[in-house]
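Commentary on secondary and tertiary structure
Listed here are the chains, written in short residue letters.
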Amino acid sequence: MTNQISRRAFLRGSLLVTGGLLAACAAPAAPASAPAASSGGEAAPAAAPAMEDILLRWDTFRSPGTGWNEERIDTFMQANPGVTIEFRPLAGSSQQDNYAKMYAAHAAGDLGEICAFDPSHFHFWRAINKNIIMPIDDLVAADATDLSEWYDLFMSLQYFQGKLYGLPSWGWAGFDTLVTNAAHFKAEGIEVPDVNARDVSMETIGEWAHRFYTEGERFGLNISHGEAGVVTLTRAFGGDLINEDGTQCTLVDNPQSVEALRWAYKLAVEDKVLPATGAIENVGAAQVEGKLTLNWGGSLNVRNYDRDIKAASADPAVAEAWQILLPTLPDGRFPSQLRGGTWNIRQASEHADVAYQFLKHIAGKEGSISFNLVSGNFAAVRPDTVQALIAENPIHEWFLSSLENGIAAHAPANSRGREYTDAVQQYTDLLMDPNQPVAFEEGLQNLQDNIQAVLDMDPA
Amino acid sequence: MAALTSRFDVAAVMRRELAPRKRWQNFYGYLFLTPWLVGFLGLFIGPGITSLYLSLTKYDVLSPPIFIGFDNYVKMFTDDPQFWPSIGRTIYYAGVGVPLGVLGSMFLAILLNNKIRALPAYRTLFFMPTLVPIVASVVLWKWLLNDDFGVVNQALRSLGMADPPGWFGDRRWAIPSLIAMGLWQGIGGTRMIIFLAGLQGIPEELYDAASIDGASSWAKLWNVTIPLLTPTIFFNMILGIIGGLQTFTAAFVATEGGPGFATWFFSLHLYKQAFDYWNMGYAAALAWFFAVIIVSLTMWQMRLSTRWVFYYGG
């Protein structure tokens, strides 16, 4: 008889303990929000919740502290006794970081009934393809919701294959403007263009990139190599990066797209007057410090620039917020890339009708205004919110035209959004590299081929 | 014979009496091991075996895995444009950064092993960069090495260098910039502490004997210190190479793999495939390939170590 515990027996015991622990860590069952259906006139079991006891879980990227989530929940619950909205903030460092958690929650059966798979982050289409979020057309019809309350272009981003999947409470026009330091114009004796006029040509912008550039001290113009920046660059010349279907890269075959990238290539590689990738760590701070005159950004950045100047009490002779809008295209549209947020309802939600009412509550007029005011944005997606935001800060009036007459974002049809954005960023870096230049045609073809390779991948 | 029998009897009695105590010792030993064993089985072996299976599948978390055999492994060698380049960049980073880091730590430890005034203050000073969070360190170094406005390039320009490096923004200099940042943070860190411990374990009498023989300081370093430090060098080399090959955070935070893939290391490639592109099966295959490489490299170093590592008294 052995007087020791055998290793085998001990390991077996450890495995059992481990298995038990892992089982205990398994996802909790979804809340029993739906009452058990009674049949044959029988009453529902006593343990089942009453009809009005409805629990909906809201997985929101908007973190606690702003008060927006809490205020929306409180007002909804007051108006709908018996409905409980569980506030489940996703604590990623950015909204993009939250998708991993949301996918994992979905795989574990623990995704909230109300969630957001944002078209501007390219997760919207994947969530639809993977049957994570549900179409809401029937709910809209039953509620007789007037969808014209939202800007058409933002609503257009909520559709996929003819079905509506969400309502937006925020959105923006992409890289639709040049965030401008008017102080530099005044110092140079150049009249600053009107903030709402679109009368500055791309040629003039190129000249200003030279004029305001002082080696080691200041850049005249900064262009992002990110997808949002490159798309609007091509659109500013009448081209585009990919087609509307998201299946073809439209660079080398489109003379306007080629012209756009050649314009940027000349400034970046041949003339070396644009900052290389990473040369400006914090573009906003550089502009407040007077180290950058024109930053090709979005209208939201103009507002933030103005806010940062005031926060820093910057000398008006060093920094003054202004904007220069990109020239109108021959077809009358404004170069931009409208990117909208969304709020969705999870597939197979048992109280989708109540969830839809909550969607309207957060994407409606009051919800949309407070969403923007608490975060200091101007991400207006509803015309009826504009006046309230302008009253809060008149600079918001500068941003309206792109929202009304811009161009919506195009997304890869195969939902390979992250591969797409990485390919655009990295291969644009290579094309625009002033330190190890490649011939324009070679770099452009390389960019085209690698974007197309992503668009040709199997659906995600 | 009687004495012998008597001795066996005593042994049997002792065994009988000690048995319960030994049994309890074993029980407590395993009891205290349990948390580690549970973690090892549940959080290492279990996921490891799962990932080995997933490496043979197409899996995106959102749909059930589809078994595809060795397709992921074939793809990584034949149809992934960033596979081989990312390995090349990783080898470059580890191949330059690790030897410099280990040598730097060793010589810093040798310097700080001298009896000089304010020694604790110096040791603290050199250890401090290790305490800086890596994200803060990245922000600091990006500011220092900014192409146009950075302090380093301003200084280089004032010294007459017309076209100083673009550092993080220049494909040629991005990896050297990360290496420089890593050296600043790593040379005076735990590796230096380990070297200091190794140095203090060298018997003083060996130096006394060398002095009596008329050995110079250089001769003592070369013939006493370094040979007796070889186990510590070996240990730090092993950890350094594994850490160097796994480099991720600095590139992820500082450059996100750019500019133009210049810092797209293997671990970043793996991360992108797993958590950005949701190609979990392919990422699992990359991880297993990487694990095999690291284990093989470590075993190879262990074999080589018999030729140059000297264990005093061993």
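Above this text is the structure in question.
The structure presented is a predicted model; accordingly, all values stated were derived computationally and were not measured. (Residues numbered from 1 in each chain as written. Chains lettered and ligands numbered in written order. Predicted model: local features only at pLDDT ≥ 70, side-chain atom pairs only at ≥ 80, totals over all residues. Heavy atoms only, no water.)

It is worth spelling out the overall build of chain B at this point. Broken down by element type, chain B carries 13 helices and 2 strands. For 314 residues, the compact-globule formula gives about 20 Å, and the C-alpha radius of gyration of chain B, at 27 Å, lies well above that figure. Principal-axis analysis of the C-alpha atoms gives chain B an extent of 95 × 70 × 35 Å. Of the roughly 17400 Å² of accessible surface on chain B, a fraction of 70% belongs to carbon and sulfur atoms. (Helix = DSSP H or I, 4+ residues; strand = E, 2+ residues; numbered from the N terminus. Rg over C-alpha atoms; globule rule 2.2 N^0.38 Å. Areas by Shrake-Rupley, 256 points an atom, 1.4 Å probe, with all protein chains shown as cover.)

Secondary structure summary: chain A contains 18 helices and 12 strands in total. Among the 460 residues that make up chain A, the fraction classed as buried is 56%. Contacts in chain A between residues far apart in sequence, at least 24 positions, make up 74% of those at least 6 positions apart. (Buried < 20%, exposed > 50% of the residue type's maximum accessible area, 1.4 Å probe, protein only. Contact = heavy atoms within 4.5 Å.)

So, about the nonpolar core. By size, the foremost hydrophobic cluster in this structure holds 178 residues, and its most contacted members are Phe117(A), Leu221(A), Trp263(A), Trp296(A) and Ile451(A). Each of domain 1 (54-171 + 340-399) and domain 2 (177-337 + 408-455) of chain A gives at least three residues to this core. Here Ile451(A) is in contact with Leu241(A), Ile242(A), Cys249(A), Leu251(A), Tyr420(A) and Val424(A), once residues within four sequence places are set aside. In this structure, Leu145(B), Leu178(B), Leu183(B) and Ala254(B) belong to the second largest nonpolar core, which totals 15 residues. (Core = buried A, V, L, I, M, F, W, Y, C linked by side-chain atoms within 4.5 Å. Domains from an automatic or database assignment.)

To continue, consider a nonpolar patch on the surface. Residue and element names in this part refer to chain B. A cluster of nonpolar residues, Ile116, Tyr122, Leu125, Phe126, Met128 and Leu131, forms a patch on the protein surface that exposes about 590 Å² of accessible area. Counting through the fold element by element, isoleucine 116 comes out in the loop between α3 (83-111) and α4 (119-131). Given the relative accessible area of 40%, isoleucine 116 is considered partly exposed. (Patch = residues over 30% accessible without salt bridge, like charges linked within 9 Å, V, L, I, M, F, W, Y side chains within 5 Å. Salt bridge = Lys/Arg side-chain N within 4 Å of Asp/Glu carboxyl O.)

With 29 residues, helix α10 (residues 217-245) of chain B extends only 36 Å from end C-alpha to end C-alpha; this falls clearly short of the ideal 42 Å at 1.5 Å per step. Along its length, α10(B) reaches its greatest deviation from straightness, about 50 degrees, at Thr230(B), and the proline Pro231(B) lies no more than four positions downstream. (Expected span 1.5 Å × (residues − 1). Bend = angle between axes of the 7 residues up to and from the residue.)

Okay, the pattern of salt bridges next. Residues and elements named next belong to chain A. The tally for this structure, following the rule as stated, stands at 29 salt bridges over all chains. A salt bridge links glutamate 113 to arginine 57, with the nearest nitrogen and oxygen atoms 3.2 Å apart. You can see glutamate 113 sitting in the loop between α3 (95-107) and β3 (114-115) and its partner arginine 57 sitting in strand β1 (residues 54-60), a full 56 residues away along the chain. The pair formed by glutamate 113 and arginine 57 is uniform in burial state, with each residue classed as buried.

Using the criterion set out here, one finds 54 aromatic pairs over all chains in the structure. Here Phe40(B) and Phe44(B) contribute two aromatic rings whose centre-to-centre distance is 5.5 Å and whose plane-to-plane angle is 15 degrees, an arrangement assigned as stacked. Of this pair, Phe40(B) and Phe44(B) both sit in helix α1 (residues 2-54), 4 residues apart, which is roughly one turn of the helix. Relative accessible area serves as the criterion here: at 30%, Phe40(B) is assigned to the partly exposed category. Joined through ring pairs, the aromatic side chains of Trp58(A), Phe61(A), Trp68(A), Phe76(A), Phe87(A), Trp170(A), Trp343(A), Phe358(A) and Phe371(A) make up one cluster. Lying across the ring of Trp150(A), Arg382(A) places its NZ or CZ 4.7 Å from the centre. (Phe/Tyr/Trp six-rings, centres within 6.5 Å; stacked < 30°, edge-to-face > 60°. Lys NZ or Arg CZ within 6 Å of the ring centre and 35° of its normal.)

Turning to the side chain of Asn372(A), a few remarks are in order. Its place among the elements puts Asn372(A) in helix α14 (residues 365-375). Here the side chain of Asn372(A) touches Ser368(A) through a polar contact of 2.8 Å, landing on its backbone oxygen. (Polar contact = N/O pair within 3.5 Å; in protein donor to acceptor, adjacent residues only side chain to side chain.)

Residues and elements named next belong to chain A. Inspection of the secondary structure puts leucine 56 in strand β1. We classify leucine 56 as buried; its relative accessible area is 1%. Each C-alpha atom of the pair leucine 56 and glutamate 86 lies 6.1 Å from the other, and the pair is 30 residues apart in sequence. For leucine 56, the residues in contact, after removing those within four places along its chain, are Thr84, Ile85, Glu86, Glu113, Ile114, His351, Val354 and Ala355.

The next thing to look at is the side chain of His123(A). If you trace the backbone, His123(A) turns up in the loop between β3 and α4 (124-129). With relative accessibility at 3%, the residue His123(A) sits in the buried group. If near-sequence neighbours (up to four positions away) are discounted, His123(A) is found in contact with Gln96(A), Tyr99(A), Tyr103(A), Phe117(A), Asp118(A), Arg418(A) and Trp278(B).

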